[in-house]
Amino acid sequence: MAPKRESLKSLRAARQLRRVRSLYLAGTVLWAAAAVWTGWLQPGSRQMWVSVLLLTVFAGLLVTASTWLRRIRPTARTAHAPRPDGSSPQPA
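This one's a predicted model, so the numbers in the text were calculated from it and none came from an experiment. (Residues numbered from 1 in each chain as written. Predicted model: local features only at pLDDT ≥ 70, side-chain atom pairs only at ≥ 80, totals over all residues. Heavy atoms only, no water.)

Caption draft 1: Spatial organisation of the overall build of the chain. Each helix and strand in the chain was counted, giving 2 helices and 0 strands. Looking at the chain residue by residue over its 92 residues, the buried ones come to 18%. Once local pairs closer than 6 in sequence are excluded, the contacts in the chain between residues at least 24 apart make up 63%. (Helix = DSSP H or I, 4+ residues; strand = E, 2+ residues; numbered from the N terminus. Buried < 20%, exposed > 50% of the residue type's maximum accessible area, 1.4 Å probe, protein only. Contact = heavy atoms within 4.5 Å.)

Okay, here's the thing in structure tokens:
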């Protein structure tokens, strides 16, 4: 029973990380655009540096979520899922 529960937790964690990763990606794009725009209008201003700081924070969160998702993904596959090479699992 424990392995089944563990795989369900991994699947839930992977799903949640995919959602959070898309949020962090949107935040990274938003703050990159804000930093470029503010840097164009007011180079060196406090608003520009705040935008750059928030861009750095969201980029760090995006990298962290992507790394965790990559680590979880191999255990998140079910026994019936196709393998990455396209072949199906062989019965034991």
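Let us keep going from here.
Caption draft 2: Broad picture of the nonpolar core. Counting 6 residues, the largest nonpolar core consists of A14, L17, Y24, L62, A65 and L69. Those elements that place two or more of their residues in this core are α1 (2–41) and α2 (46–76). Setting aside residues up to four positions removed in sequence, L62 forms contacts with R21, Y24, L25 and T28. (Core = buried A, V, L, I, M, F, W, Y, C linked by side-chain atoms within 4.5 Å.)

Caption draft 3: Fine view of the packing of aromatic side chains. For the coordinates displayed, the defined rule picks out 1 aromatic pair. A ring pair is formed by Y24 and F58, whose centres lie 6.2 Å apart and whose planes are at 75°; its orientation type is edge-to-face. Pair noted here: Y24 is in helix α1 and F58 is in helix α2, with a separation of 34 residues, a long-range link. Judged by relative accessible area, F58 falls into the partly exposed class, the value being 21%. (Phe/Tyr/Trp six-rings, centres within 6.5 Å; stacked < 30°, edge-to-face > 60°.)

Caption draft 4: Expanded view of the side chain of S51. Its location among the elements puts S51 in helix α2. In this structure S51 comes out as buried when scored by relative accessible area, which is 6%.

Caption draft 5: Expanded view of the side chain of T28. Looking at the element boundaries, T28 is found in helix α1. Here T28 falls in the buried class, since its relative accessible area comes to 15%.

Caption draft 6: A positive patch on the surface, seen in detail. There is a patch of like positive charges on the surface, built from K9, R12, R15, R18, R19, R70 and R73. When residues in the positive patch are grouped by element, the largest group, 5 residues, is from α1. Mapped onto the elements of the fold, R18 is located in helix α1. (Patch = residues over 30% accessible without salt bridge, like charges linked within 9 Å, V, L, I, M, F, W, Y side chains within 5 Å. Areas by Shrake-Rupley, 256 points an atom, 1.4 Å probe, with all protein chains shown as cover. Salt bridge = Lys/Arg side-chain N within 4 Å of Asp/Glu carboxyl O. Lys, Arg positive; Asp, Glu negative; His and termini not counted. Charge placed at Lys NZ, Arg CZ, Asp CG, Glu CD.)

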